[in-house]
Amino acid sequence: MNRKPELKQVKKILIICEGYEEEDYFNRLKQCGVWNAGYVVEVKNAESIDNIPRNLDRVDSIISIYRNKYGTEAYSAVVILCDTEVAPYSDFKRIRRIISDTYGENICDKILFFINPCIMQIILSHKFDVKLGTNSKHENRFKIKDFCGVSDYKADEHQRRAVMNQITAKNYIKMKNRARKLSSDYEVTPSTNVLSLFDTLDGTNSEWLEELIRVARL
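To start, this report covers the structure provided alongside it. (Residues numbered from 1 in each chain as written. Predicted model: local features only at pLDDT ≥ 70, side-chain atom pairs only at ≥ 80, totals over all residues. Heavy atoms only, no water.)

## Things to note about helix H8 (residues 169-179)
Line of reasoning, step 1. Residues Asn171, Tyr172, Met175, Lys176, Arg178 and Ala179 constitute the buried set of H8. End-on, the buried residues of H8 take up no more than an arc of 160°, which puts them together on one face.
Line of reasoning, step 2. Turning to H8, the residues buried within the fold contact helix H1 (20-32), helix H5 (120-124), strand E5 (191-192) and helix H9 (195-201). (Buried < 20%, exposed > 50% of the residue type's maximum accessible area, 1.4 Å probe, protein only. Helix = DSSP H or I, 4+ residues; strand = E, 2+ residues; numbered from the N terminus. Arc of directions from axis to C-beta. Contact = heavy atoms within 4.5 Å.)

## Observations concerning the side chain of Arg28
Line of reasoning, step 1. By secondary structure assignment, the location of Arg28 is in helix H1.
Line of reasoning, step 2. Among buried Asp, Glu, Lys and Arg side chains, Arg28 stands out as unpaired, with Asp24 the closest opposite charge at 11 Å.
Line of reasoning, step 3. Residues contacting Arg28, with those up to four places away along its chain left out, are Met164, Asn165 and Ile167. (Lys, Arg positive; Asp, Glu negative; His and termini not counted. Salt bridge = Lys/Arg side-chain N within 4 Å of Asp/Glu carboxyl O.)

## Overview of the sheet that holds strand E1 (residues 11-17)
Line of reasoning, step 1. Taken in spatial order, the five strands line up as E2-E1-E3-E4-E5 in an open sheet, and their pairing is mixed. The sheet is open, and its two edges are formed by strand E2 (39-45) and E5, each paired on a single side. (Pairing = 2+ DSSP bridges.)

## A closer look at the packing of aromatic side chains
In this description, a pair of aromatic rings is defined by centroid distance and the angle of the planes.
Line of reasoning, step 1. All told, the structure shown has 13 aromatic pairs when counted by the stated rule.
Line of reasoning, step 2. Between the aromatic rings of Tyr66 and Tyr103, the centroid separation amounts to 5.3 Å while the plane-to-plane angle is 80°, which identifies the pairing as edge-to-face. Here Tyr66, found in helix H2 (residues 58-69), pairs with Tyr103, found in helix H3 (residues 90-103); they are 37 residues apart in sequence, far enough to count as distant.
Line of reasoning, step 3. With 6.1 Å between their ring centres and 80° between their planes, Tyr89 and Tyr186 make a pair best called edge-to-face. Within this pair, whereas Tyr89 is found in the loop between strand E3 (77-83) and H3, its partner Tyr186 is found in the loop between H8 and E5, the two being separated by 97 residues in sequence. The burial state of Tyr89 is the same as that of Tyr186; both residues are buried.
Line of reasoning, step 4. In this structure, Lys127 packs its charged tip against the face of Phe147, placed 5.3 Å from the ring centre. (Phe/Tyr/Trp six-rings, centres within 6.5 Å; stacked < 30°, edge-to-face > 60°. Lys NZ or Arg CZ within 6 Å of the ring centre and 35° of its normal.)

## Quick look at the environment of Leu81
Line of reasoning, step 1. Relative to the helices and strands, Leu81 resides in strand E3.
Line of reasoning, step 2. Sequence separation between Leu81 and Ile111 is 30 residues, and the spatial gap between their C-alpha atoms is 8.4 Å.
Line of reasoning, step 3. With residues near it in sequence (within four places) discarded, Leu81 still touches Ile15, Ile16, Cys17, Glu18, Glu22, Phe26, Phe113, Ile115, Ile119 and Val194.

## Some points on unusual backbone geometry
Excluding glycine, a negative phi dihedral is what most residues carry, and trans is how most peptide bonds are arranged.
Line of reasoning, step 1. Residue Pro88 follows Ala87 across a cis peptide bond; omega there is 15°.
Line of reasoning, step 2. With respect to the element layout, Pro88 can be found in the loop between E3 and H3.
Line of reasoning, step 3. In the segment running from Thr189 into Pro190, the intervening peptide bond is cis, with an omega of -5°.
Line of reasoning, step 4. In this structure, Ala155 is a non-glycine residue whose phi angle is positive, near 65°.
Line of reasoning, step 5. Within the secondary structure, Ala155 is located in the loop between helix H6 (141-148) and helix H7 (157-164).

## Quick word on the pattern of salt bridges
Line of reasoning, step 1. The full count for this structure, using the stated rule, is 16 salt bridges.
Line of reasoning, step 2. In this structure, Arg58 engages Glu18 in a salt bridge whose closest nitrogen and oxygen atoms are separated by 1.8 Å. Here the residue Arg58 occupies a position in helix H2, and Glu18 occupies one in the loop between E1 and H1, the gap between them amounting to 40 residues.
Line of reasoning, step 3. Overall, the relative accessible area of 22% leaves Arg58 in the partly exposed class.
Line of reasoning, step 4. In this structure Glu18 comes out as buried when scored by relative accessible area, which is 5%.

## With respect to H2
Two residues of an α-helix separated by three or four positions point the same way, owing to the 3.6 residues in each turn.
Line of reasoning, step 1. Here H2 spans 17 Å end to end across 12 residues, near enough to the 16 Å set by a 1.5 Å rise per residue.
Line of reasoning, step 2. Residues of H2 that are buried include every one of Val59, Ser61, Ile62, Ile63, Ile65, Tyr66 and Lys69, and no others.
Line of reasoning, step 3. In the core, the buried residues of H2 are packed alongside E1, E2, E3, H3 and helix H4 (105-111).
Line of reasoning, step 4. Capping the start of H2 is the job of one residue whose side-chain oxygen sits 3.3 Å from the backbone nitrogen of Val59: Asp57.
Line of reasoning, step 5. Following H2 by one or two positions, Gly71 adopts a phi angle in the positive range, close to 80°. (Expected span 1.5 Å × (residues − 1). Polar contact = N/O pair within 3.5 Å; in protein donor to acceptor, adjacent residues only side chain to side chain.)

As structure tokens, this is what we get:
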């Protein structure tokens, strides 16, 4: 039996996400035990952080958390995961611009993970070959019903729970295989660059984290 390589030192990774679906999904992956025991993964949802002022929009909330956590000794890496949503990708481009201007393009390319058009592209890929063209829950409702049996999906808490119950360690591997077929260009629908994060966390390949640490020291 192939065993995941053990890391010499436990590394703590903070994933800042933009909403409840993303938070639920990453916490579900933690429950499934698909990641290397050498990593401790913490997930922060920008929508549920109590100390973020109410007047901040989605982008400001994400950036505020990142600035607060970046460079602290508590984490080996702090990363952002967000949906591009649909063209012209205004919010996503704004996040890229702020991170690049503040910390440099090299850092931005390593810490900003995206899914075009939305996290549901990755979630549904646990079971199906799927190419979503929109982040609209209404337009994707039939595919989501096929996935978990939930009708008229609106991302309510009980509906999200039904979706996450379909995620398993076994179909995690199938999801990765399907996601590898997607483009890594955020302006292509669908696309994602999240596999380098997954590969690091599950022990497949740690090049992403090693390169991030190297770039951050420059």
